[in-house]
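# An overview of the molecular structure
Listed below, chain by chain, are the residues.
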Amino acid sequence: MALLTKAPRGTQDVLPSQSSRWQYVEATLLNTARLFGFKEIRFPTFEHTELFIRSVGDTTDVVQKEMYTFTDKGDRSITLRPEGTASVVRTALEHGLLNDALPMKASYVIPCFRYEKPQAGRLREFHQFGVEMFGSQSPNADAEVIGLVKNCFDTLGITDIALEINSIGCPECRPKYLKALREYFAARQEELCPTCQERLEKNPMRILDCKSPVCHDIAKDAPTGLEYLCQECKEHFEGLKKRLELMGIEYTVNPRIVRGLDYYTKTVFEFISQNIGAQGTVCGGGRYDGLIGQMGGAPTPAIGFAMGLERLLLVMDQCGAEFPPEQGCDVYIGSMGEAASLKAVELTARLREEGFSAECDLMNRSVKAQMKYADKIGARYSVILGENELSTGACQLKNMKNREITELKLDDSFVDAVYQQIMHSCYMDLEDSVEKMEL
Ligand code: HAM
């Protein structure tokens, strides 16, 4: 029975009182992406399992341990998406988006699913805002997507977050690095966890981000990719650093960043907060120049990132970032008696037609209880209708903040008169806040 009223482990409900925070963050992120030329793309919550195995990589934790995979009624293996990049590549190939003007730019806000051990900032259903850009191999593209993340954080008032960058090379230089890694880990093979013992031959880079404490400890002294970069990768990385400096974006080079997914090449980066606990990576991304070709498209360079919205909100709370005030009810129309109640229903409908948020009594409450409710929902204005108002054809509009009263007629001028009052009070609020800013 308890299961009926309990959400599954690792999921989070967003209650009506919290949803405006999410709407604000999502709209700000998508709008910032739009300023950089990224339009929103939407794609299914589930895909063929093969898509993630082939793109995210069969030796990654995500594929080996964390996917929500099931067989559907048509005997297909289906997986709830653990991330968005693979789907955006699939969508672009399926719909020929790479035949349009390049670079192709797309943004998304999506729920993702990973069967991980839940803790603060780590859920089984979480949400990502991300972007993907296809077609540019220039370090300008790397700088642009990193600049976009920075712009998002600045717009949301996030101050306390550090950018770390690295390069993990390309098919030209990676084999030499993998050889060095294999040699390093082979010397301590017995101590590695069983999964990493298997990874040693196939993909030793995955040992670097294993969550087992022993593997993590051994990985600390492993050789880093930067030492093995080919000339082209080196120049690309230097090009990115130069651009970040020109753009005034602070960064540190962290050769330990390898990312947990297999498709990356060259640039990888993370934005990390020290203030939200162990799961401090708010945003991660990088280049994946090989993935589109690997999935059957013409070889096309690509880069992108995704940020976890739950972690983003934690950081915003931690650094005291401001959210816009919630849009509450403009006018509450209270009533006493059947005839007044009918009039309240009519006026409420007319106000809503004009774009106001208006409410009236739905509970058969006393006038006193109706006014208490109007207070509770934060109504800016209230009106009470009774026999007297109906017979005189006039009512009083009360400003719930300063208790000021304005006489209004209950005829066709009603909605316009309410509009005037609301505009007036908006103006007064604005003057108030300008005065406060000046002080
Ligand atoms: P990722 O690093 O796996 O990269 O995830 C991106 C972000 O999603 C993380 O930095 C984190 O904020 C959030 N995240 C991941 N797992 C969880 C979880 N279990 N609970 C809460 N938040 C989580 C990707 O997904 C790549 N697709 C990013 C990318 C796009 N690279 C290129 N383009």
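Residues numbered from 1 in each chain as written. Predicted model: local features only at pLDDT ≥ 70, side-chain atom pairs only at ≥ 80, totals over all residues. Heavy atoms only, no water.

### Here's the deal with the layout of surface pockets
To find leftover empty space, one rolls a probe the size of a water molecule over the atoms. Here the second largest pocket is characterised by a volume of approximately 780 Å³. Lining the second largest pocket are 31 residues, and of these Arg 380, Lys 401, Ser 425, Cys 426 and Asp 429 sit closest to its centre. Mapped onto the lining of the second largest pocket, the elements with two or more residues apiece are helix H1 (19-35), strand S15 (394-399) and helix H15 (414-438). A per-class count over the lining of the second largest pocket returns eleven nonpolar, eleven polar and nine charged. (1 Å grid on protein atoms, 1.4 Å probe; cavity = no way out; pocket = protein on both sides within 12 Å on 5 of 7 lines; lining within 4 Å. Points joined across faces, edges and corners; volume = space filled by probe spheres on them. Helix = DSSP H or I, 4+ residues; strand = E, 2+ residues; numbered from the N terminus. Nonpolar A, V, L, I, M, F, W, Y, C, P; charged D, E, K, R; others polar.)

### Re helix H6 (residues 174-186)
Helix length check: H6 (13 residues) gives 18 Å between terminal C-alpha atoms against 18 Å at 1.5 Å per residue, within 8%. Buried positions along H6 lie against helix H7 (194-202), helix H8 (213-219) and strand S9 (265-272). (Expected span 1.5 Å × (residues − 1). Contact = heavy atoms within 4.5 Å.)

### Focus: the side chain of Arg 122
When you line up the elements, Arg 122 lands in the loop between strand S5 (104-113) and strand S6 (125-134). Classification of Arg 122 by relative accessible area gives buried; the value is 13%. Among the polar contacts made by the side chain of Arg 122, one reaches the main-chain carbonyl oxygen of Lys 117 at a distance of 2.9 Å. (Buried < 20%, exposed > 50% of the residue type's maximum accessible area, 1.4 Å probe, protein only. Polar contact = N/O pair within 3.5 Å; in protein donor to acceptor, adjacent residues only side chain to side chain.)

### Notes on helix H11 (residues 309-318)
Along H11, seven of the ten residues are buried, which leaves the element largely enclosed by surrounding structure. Regarding H11, the residues found buried are Leu 309, Glu 310, Arg 311, Leu 312, Leu 313, Val 315 and Met 316. A positive phi of about 70° marks Gly 320, the residue just after H11.

### Focus: the sheet that holds strand S16 (residues 405-409)
Sheet architecture is open: five strands sit in the order S13-S12-S14-S15-S16, paired in mixed fashion. Two strands close off the open sheet at either side, each with one partner strand: strand S13 (358-360) and S16. Averaged over all pairs of adjacent strands, the angle between their axes in this sheet comes to 25°, without regard to strand direction. For strand S14 (residues 381-385) and S15, the ladder comprises three bridges, and the chain directions are antiparallel. Directly across from Val 383, in S15, lies its bridge partner Leu 397. (Pairing = 2+ DSSP bridges. Axes fitted to C-alpha atoms, helices over the stretch in contact; angles between N-to-C directions.)

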